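So the chains spell out like this:
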Amino acid sequence: MAFKHKVGLIFGKFYPLHCGHIYLIEKAMSQVDELHILLGCEASRDKLLFDKSHLPKQPQVSDRFSWLKETFKDRHNIHIHVLDEAGIEFYPNGWQDWSCRVKQILSVHKIKPNVVFTSEPQDVKNHEFYFGCPVVIVDANREFMDISATQIRENPYKNWSFIAQAAKPFFVKKVAIIGQGRFCDLSIQLANIYNTQYVPNGYINYIEREISTHHNKRYLSESDYIKIAMLHVERISKAVETANKLVFTSIDFATLMQYYSQIFQKDNDVLKAFKDSYHFDLVIHEKDLTPQCSQQEYFEIVSKKVEALLI
(Lines give C-alpha, C1' and ligand atoms only; values in the text may rest on other atoms or scores of the structure.)
Protein backbone atom coordinates (compact mmCIF):
# COMPACT_ATOMS: atom_id res chain seq x y z
CA MET A 1 0.00 0.00 0.00
CA ALA A 2 1.31 3.46 -0.91
CA PHE A 3 2.52 5.62 1.99
CA LYS A 4 0.03 8.34 2.84
CA HIS A 5 1.32 11.71 3.99
CA LYS A 6 -0.49 12.35 7.27
CA VAL A 7 -1.58 15.89 8.05
CA GLY A 8 -3.08 16.80 11.42
CA LEU A 9 -5.08 19.74 12.78
CA ILE A 10 -5.25 21.17 16.30
CA PHE A 11 -7.43 24.06 17.43
CA GLY A 12 -7.05 26.21 20.51
CA LYS A 13 -7.03 29.65 22.07
CA PHE A 14 -3.79 29.01 24.01
CA TYR A 15 -4.86 31.59 26.56
CA PRO A 16 -2.23 31.06 27.83
CA LEU A 17 -0.09 28.30 26.31
CA HIS A 18 0.58 25.61 28.92
CA CYS A 19 2.10 22.15 29.31
CA GLY A 20 -1.18 20.42 28.52
CA HIS A 21 -1.29 22.16 25.14
CA ILE A 22 2.32 21.24 24.50
CA TYR A 23 1.65 17.59 25.36
CA LEU A 24 -1.35 17.53 22.99
CA ILE A 25 0.72 19.04 20.18
CA GLU A 26 3.76 16.80 20.64
CA LYS A 27 1.61 13.69 21.04
CA ALA A 28 -0.16 14.61 17.81
CA MET A 29 3.13 15.29 16.08
CA SER A 30 4.26 11.75 16.92
CA GLN A 31 1.40 10.45 14.76
CA VAL A 32 1.58 12.67 11.67
CA ASP A 33 4.09 14.03 9.19
CA GLU A 34 2.79 17.57 9.35
CA LEU A 35 0.75 19.39 11.97
CA HIS A 36 -1.20 22.63 11.62
CA ILE A 37 -2.19 24.58 14.73
CA LEU A 38 -5.04 27.06 14.38
CA LEU A 39 -4.94 29.78 17.01
CA GLY A 40 -8.50 30.99 17.55
CA CYS A 41 -9.12 34.60 18.50
CA GLU A 42 -12.17 36.83 18.88
CA ALA A 43 -11.76 40.24 20.52
CA SER A 44 -14.88 40.38 22.74
CA ARG A 45 -14.58 36.76 23.86
CA ASP A 46 -10.88 37.15 24.61
CA LYS A 47 -11.54 40.33 26.60
CA LEU A 48 -14.26 38.52 28.56
CA LEU A 49 -11.85 35.70 29.40
CA PHE A 50 -9.37 38.27 30.66
CA ASP A 51 -11.96 40.17 32.71
CA LYS A 52 -12.97 36.95 34.48
CA SER A 53 -9.34 35.98 35.11
CA HIS A 54 -6.61 36.87 37.58
CA LEU A 55 -4.04 37.42 34.85
CA PRO A 56 -1.89 40.53 35.46
CA LYS A 57 -2.47 41.78 31.89
CA GLN A 58 -4.31 40.63 28.80
CA PRO A 59 -2.45 38.41 26.35
CA GLN A 60 -2.84 39.67 22.80
CA VAL A 61 -3.03 37.49 19.70
CA SER A 62 0.57 38.44 18.92
CA ASP A 63 1.65 37.19 22.36
CA ARG A 64 -0.09 33.84 21.97
CA PHE A 65 1.28 33.44 18.44
CA SER A 66 4.83 34.20 19.59
CA TRP A 67 4.55 31.69 22.49
CA LEU A 68 3.67 28.95 20.01
CA LYS A 69 6.37 30.01 17.56
CA GLU A 70 9.04 30.11 20.24
CA THR A 71 8.01 26.81 21.81
CA PHE A 72 8.01 24.96 18.50
CA LYS A 73 10.76 26.89 16.72
CA ASP A 74 12.79 23.70 16.21
CA ARG A 75 9.79 21.64 15.09
CA HIS A 76 9.83 22.42 11.38
CA ASN A 77 6.76 20.32 10.54
CA ILE A 78 4.56 22.26 12.94
CA HIS A 79 2.81 25.25 11.36
CA ILE A 80 0.80 27.94 13.16
CA HIS A 81 -2.10 29.93 11.69
CA VAL A 82 -4.27 32.64 13.20
CA LEU A 83 -7.99 31.85 13.00
CA ASP A 84 -10.01 35.06 13.29
CA GLU A 85 -13.40 34.04 14.69
CA ALA A 86 -14.99 37.50 14.54
CA GLY A 87 -18.68 37.40 13.62
CA ILE A 88 -19.08 33.72 14.50
CA GLU A 89 -21.41 32.67 17.30
CA PHE A 90 -19.59 31.64 20.45
CA TYR A 91 -18.90 27.98 21.22
CA PRO A 92 -20.77 25.62 21.33
CA ASN A 93 -22.81 27.39 18.62
CA GLY A 94 -21.60 28.53 15.22
CA TRP A 95 -20.00 25.27 14.09
CA GLN A 96 -21.10 25.73 10.47
CA ASP A 97 -19.65 29.26 10.12
CA TRP A 98 -16.59 28.35 12.16
CA SER A 99 -15.76 25.34 9.98
CA CYS A 100 -16.14 27.46 6.84
CA ARG A 101 -13.65 29.97 8.25
CA VAL A 102 -11.23 27.12 9.00
CA LYS A 103 -11.65 25.68 5.51
CA GLN A 104 -10.78 29.06 4.00
CA ILE A 105 -7.42 28.95 5.76
CA LEU A 106 -6.87 25.34 4.75
CA SER A 107 -7.66 26.20 1.13
CA VAL A 108 -5.32 29.21 1.01
CA HIS A 109 -2.43 27.10 2.33
CA LYS A 110 -3.41 23.99 0.36
CA ILE A 111 -3.75 21.96 3.56
CA LYS A 112 -5.59 18.65 3.29
CA PRO A 113 -5.98 17.20 6.80
CA ASN A 114 -6.25 13.46 7.49
CA VAL A 115 -6.87 13.72 11.22
CA VAL A 116 -7.95 16.16 13.95
CA PHE A 117 -6.51 16.01 17.47
CA THR A 118 -8.38 17.29 20.52
CA SER A 119 -8.60 16.91 24.28
CA GLU A 120 -12.33 17.72 24.21
CA PRO A 121 -14.51 14.60 23.63
CA GLN A 122 -17.64 16.73 23.15
CA ASP A 123 -16.14 18.16 19.94
CA VAL A 124 -15.43 14.84 18.23
CA LYS A 125 -18.69 14.45 16.29
CA ASN A 126 -18.60 17.99 14.90
CA HIS A 127 -14.95 17.69 13.87
CA GLU A 128 -15.74 14.43 12.09
CA PHE A 129 -18.79 15.90 10.40
CA TYR A 130 -17.30 19.19 9.22
CA PHE A 131 -13.80 18.01 8.28
CA GLY A 132 -14.59 14.49 7.10
CA CYS A 133 -11.68 12.81 8.85
CA PRO A 134 -11.11 10.83 12.05
CA VAL A 135 -10.54 12.50 15.39
CA VAL A 136 -7.97 11.38 17.95
CA ILE A 137 -8.63 12.26 21.59
CA VAL A 138 -5.55 13.04 23.67
CA ASP A 139 -5.53 13.09 27.48
CA ALA A 140 -9.22 14.01 27.80
CA ASN A 141 -9.21 13.26 31.54
CA ARG A 142 -5.99 15.23 32.08
CA GLU A 143 -4.35 12.12 33.49
CA PHE A 144 -0.95 12.88 31.99
CA MET A 145 -1.07 16.66 32.41
CA ASP A 146 -3.56 17.75 35.05
CA ILE A 147 -4.01 21.39 34.05
CA SER A 148 -6.28 23.64 32.00
CA ALA A 149 -6.04 27.20 30.71
CA THR A 150 -9.00 28.06 32.94
CA GLN A 151 -7.06 26.99 36.03
CA ILE A 152 -4.09 29.09 34.98
CA ARG A 153 -6.23 32.13 34.26
CA GLU A 154 -7.80 31.78 37.72
CA ASN A 155 -4.44 31.56 39.47
CA PRO A 156 -1.38 31.90 37.21
CA TYR A 157 1.16 32.00 40.03
CA LYS A 158 -0.19 28.96 41.87
CA ASN A 159 0.00 27.08 38.56
CA TRP A 160 3.29 28.65 37.48
CA SER A 161 5.04 25.36 36.73
CA PHE A 162 2.44 24.51 34.07
CA ILE A 163 2.80 27.75 32.07
CA ALA A 164 4.84 27.28 28.90
CA GLN A 165 8.41 28.50 29.32
CA ALA A 166 7.99 30.83 26.36
CA ALA A 167 4.94 32.44 28.02
CA LYS A 168 6.36 32.91 31.52
CA PRO A 169 8.19 36.22 30.87
CA PHE A 170 4.84 37.78 29.96
CA PHE A 171 3.57 37.10 33.49
CA VAL A 172 6.69 38.00 35.48
CA LYS A 173 6.08 40.91 37.85
CA LYS A 174 8.76 43.56 38.33
CA VAL A 175 9.44 44.98 41.80
CA ALA A 176 11.65 47.94 42.70
CA ILE A 177 12.57 48.48 46.36
CA ILE A 178 14.22 51.88 46.72
CA GLY A 179 16.04 53.31 49.71
CA GLN A 180 19.38 53.73 51.44
CA GLY A 181 21.81 51.42 53.19
CA ARG A 182 20.46 48.07 54.34
CA PHE A 183 16.97 48.84 52.99
CA CYS A 184 18.37 48.16 49.52
CA ASP A 185 19.32 44.66 50.68
CA LEU A 186 15.63 43.77 50.72
CA SER A 187 15.66 43.37 46.93
CA ILE A 188 18.44 40.79 47.15
CA GLN A 189 16.86 39.04 50.14
CA LEU A 190 13.49 38.66 48.44
CA ALA A 191 15.05 37.54 45.17
CA ASN A 192 16.77 34.78 47.14
CA ILE A 193 13.58 33.85 48.98
CA TYR A 194 11.56 33.63 45.76
CA ASN A 195 14.41 31.81 44.01
CA THR A 196 14.48 34.39 41.26
CA GLN A 197 16.49 37.15 39.64
CA TYR A 198 17.88 40.29 41.24
CA VAL A 199 18.92 43.09 38.90
CA PRO A 200 21.65 45.27 40.42
CA ASN A 201 21.13 49.02 40.72
CA GLY A 202 22.46 50.32 37.41
CA TYR A 203 22.90 53.82 38.84
CA ILE A 204 25.20 52.66 41.62
CA ASN A 205 26.98 50.18 39.35
CA TYR A 206 27.67 52.87 36.78
CA ILE A 207 29.08 55.24 39.38
CA GLU A 208 31.32 52.52 40.82
CA ARG A 209 32.55 51.39 37.40
CA GLU A 210 32.82 54.66 35.49
CA ILE A 211 33.44 57.22 38.21
CA SER A 212 35.21 55.60 41.15
CA THR A 213 37.85 54.05 38.89
CA HIS A 214 39.02 57.51 37.84
CA HIS A 215 41.59 59.33 39.96
CA ASN A 216 39.73 62.59 39.50
CA LYS A 217 36.09 62.00 40.30
CA ARG A 218 33.62 63.75 38.03
CA TYR A 219 29.90 64.22 37.98
CA LEU A 220 27.71 62.05 35.82
CA SER A 221 27.00 63.68 32.47
CA GLU A 222 23.55 63.92 30.93
CA SER A 223 24.41 61.15 28.49
CA ASP A 224 25.54 58.94 31.40
CA TYR A 225 21.97 58.89 32.68
CA ILE A 226 20.71 57.66 29.31
CA LYS A 227 23.34 54.91 29.33
CA ILE A 228 22.31 53.91 32.85
CA ALA A 229 18.63 53.70 31.84
CA MET A 230 19.43 51.64 28.74
CA LEU A 231 21.65 49.30 30.75
CA HIS A 232 18.91 48.82 33.33
CA VAL A 233 16.31 47.97 30.69
CA GLU A 234 18.70 45.47 29.13
CA ARG A 235 19.42 43.80 32.47
CA ILE A 236 15.77 43.60 33.52
CA SER A 237 14.69 42.24 30.14
CA LYS A 238 17.32 39.53 30.36
CA ALA A 239 16.38 38.68 33.96
CA VAL A 240 12.68 38.37 33.08
CA GLU A 241 13.49 35.59 30.60
CA THR A 242 14.53 33.21 33.40
CA ALA A 243 12.70 34.69 36.40
CA ASN A 244 10.50 32.76 38.80
CA LYS A 245 7.30 34.87 38.93
CA LEU A 246 9.11 38.01 40.11
CA VAL A 247 12.15 40.16 39.31
CA PHE A 248 13.63 42.48 41.94
CA THR A 249 15.76 45.59 41.63
CA SER A 250 16.53 48.66 43.73
CA ILE A 251 15.88 51.48 41.28
CA ASP A 252 13.15 52.43 38.83
CA PHE A 253 13.09 54.99 36.04
CA ALA A 254 11.04 57.56 37.94
CA THR A 255 13.77 57.64 40.59
CA LEU A 256 16.51 57.86 37.99
CA MET A 257 14.68 60.76 36.31
CA GLN A 258 14.33 62.45 39.69
CA TYR A 259 18.10 62.21 40.28
CA TYR A 260 18.67 63.71 36.84
CA SER A 261 16.25 66.60 37.43
CA GLN A 262 17.82 67.44 40.79
CA ILE A 263 21.28 67.72 39.26
CA PHE A 264 20.51 69.38 35.92
CA GLN A 265 17.40 71.32 36.95
CA LYS A 266 15.44 70.16 33.92
CA ASP A 267 13.61 67.16 32.54
CA ASN A 268 14.90 64.72 29.96
CA ASP A 269 12.57 63.40 27.23
CA VAL A 270 14.39 60.08 26.90
CA LEU A 271 14.26 59.34 30.63
CA LYS A 272 10.61 60.41 30.69
CA ALA A 273 9.90 57.95 27.87
CA PHE A 274 11.57 55.17 29.87
CA LYS A 275 9.48 56.09 32.93
CA ASP A 276 6.22 56.20 30.98
CA SER A 277 6.74 53.04 28.94
CA TYR A 278 8.53 50.66 31.31
CA HIS A 279 6.08 49.42 33.88
CA PHE A 280 6.91 48.19 37.39
CA ASP A 281 4.19 46.20 39.16
CA LEU A 282 5.32 47.37 42.58
CA VAL A 283 7.58 50.23 43.66
CA ILE A 284 8.35 50.58 47.36
CA HIS A 285 10.18 53.66 48.66
CA GLU A 286 11.77 53.60 52.08
CA LYS A 287 10.68 57.24 52.56
CA ASP A 288 7.01 56.23 52.19
CA LEU A 289 7.15 53.70 55.03
CA THR A 290 7.02 54.31 58.75
CA PRO A 291 10.36 55.90 59.70
CA GLN A 292 12.82 54.37 62.15
CA CYS A 293 11.61 50.81 61.64
CA SER A 294 14.01 48.02 62.37
CA GLN A 295 15.39 46.01 59.47
CA GLN A 296 13.16 43.11 60.51
CA GLU A 297 10.07 45.33 60.54
CA TYR A 298 10.91 46.64 57.08
CA PHE A 299 11.39 43.07 55.94
CA GLU A 300 7.94 42.03 57.20
CA ILE A 301 6.20 45.07 55.68
CA VAL A 302 7.81 44.73 52.28
CA SER A 303 7.40 40.94 52.20
CA LYS A 304 3.62 41.29 52.67
CA LYS A 305 3.40 43.82 49.83
CA VAL A 306 5.30 41.49 47.51
CA GLU A 307 3.29 38.44 48.57
CA ALA A 308 0.06 40.31 47.71
CA LEU A 309 1.25 40.58 44.08
CA LEU A 310 0.95 36.83 43.64
CA ILE A 311 -2.58 36.37 44.96
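Bear in mind that the values here come from a model prediction, so they are computed numbers and not experimental data.

Undergrad: What's the story with the pattern of salt bridges in this structure? I'm lost.
TA: Side-chain pairs of opposite charge can arise whenever the charged atoms involved come near each other. Within this structure, the stated rule accounts for 11 salt bridges. Close ionic contact of Glu 70 with Lys 73 constitutes a salt bridge, the shortest N to O distance being 2.9 Å. Overall, Glu 70 belongs to the partly exposed group, its relative accessible area being 42%. For Glu 120, the salt bridge is made with Arg 142, and the minimal N-O distance between the two is 3.1 Å. Of this pair, Glu 120 sits in the loop between β4 (115-118) and α5 (124-131) while Arg 142 is found in the loop between β5 (135-137) and α6 (149-154), placing the two residues 22 residues apart along the sequence.

Undergrad: Mind showing me how you'd approach the sheet that holds β5 here?
TA: Sheet strands pair via backbone hydrogen bonds, and the direction of the pair is either parallel or antiparallel. An order of β3-β2-β1-β4-β5 is seen for the five strands of this open sheet, with the pairing classed as parallel. Two strands lie at the open edges of the sheet, namely β3 (78-84) and β5, each paired on one side alone. Between one strand axis and the next, the sheet turns by 25 degrees as a mean value, whatever way the strands run. Bridge analysis of strand β2 (residues 34-41) against β3 gives seven bridges, and the strand direction is parallel. Counterpart to Leu 35 in the pairing with β3 is Ile 78. Sheet strands in contact with helix α1 (residues 19-29) are β1 (7-12), β2, β3 and β4, and its direction is about 150 degrees off that of β2. Sitting on the sheet, helix α3 (residues 61-71) is in contact with β2 and β3, with an inclination near 160 degrees to β2.

Undergrad: Would you explain unusual backbone geometry in this entry?
TA: Where the residue is not glycine, phi is negative for most of them; where a peptide bond is considered, it is trans in most cases. Residue Tyr 15 is joined to Pro 16 through a cis peptide bond whose omega torsion reads 5 degrees. Within the secondary structure layout, Pro 16 lies in the loop between β1 and α1. Residue Pro 92 is reached from Tyr 91 by a cis peptide bond, and omega for that bond is 10 degrees. Here Pro 92 is to be found in the loop between β3 and α4 (95-108). Positive phi outside glycine occurs at Phe 14, with the angle close to 55 degrees. Residue position: Phe 14 is located in the loop between β1 and α1. Taking relative accessible area as the criterion, Phe 14 reaches 1% and is therefore assigned buried. A positive phi angle is found at Gln 265, which is not glycine, with a value near 60 degrees. Topologically, Gln 265 is positioned in the loop between α11 (253-264) and α12 (269-277).

Reading the values: the criteria
- In this convention, every chain numbers its residues from 1, walking through the sequence in written order.
- Side-chain atom pairs in this predicted model are given and counted only at pLDDT of 80 or more, local residue features only at pLDDT of at least 70, and totals for whole chains, interfaces and linings cover all residues.
- Note that water and hydrogens are dropped before the side-chain values are worked out from all heavy atoms of the structure.
- We define a salt bridge as a side-chain nitrogen of Lys or Arg found within 4 Å of a carboxyl oxygen belonging to Asp or Glu.
- Residue burial is assigned from relative accessible area. The probe radius is 1.4 Å, only protein chains are included, and a residue is buried under 20% of its type maximum, exposed over 50%, and partly exposed in between.
- Note on conventions: DSSP H or I runs of at least 4 residues are helices, E runs of at least 2 residues are strands, and numbering of each starts at the N terminus.
- If DSSP finds at least two bridges between two strands, the strands pair.
- Note on geometry: axes are lines fitted to C-alpha atoms, helical ones only across the stretch in contact, with angles between N-to-C directions running from 0 to 180 degrees.
- Throughout, a residue-residue contact means that at least one pair of heavy atoms, one from each residue, lies within 4.5 Å.

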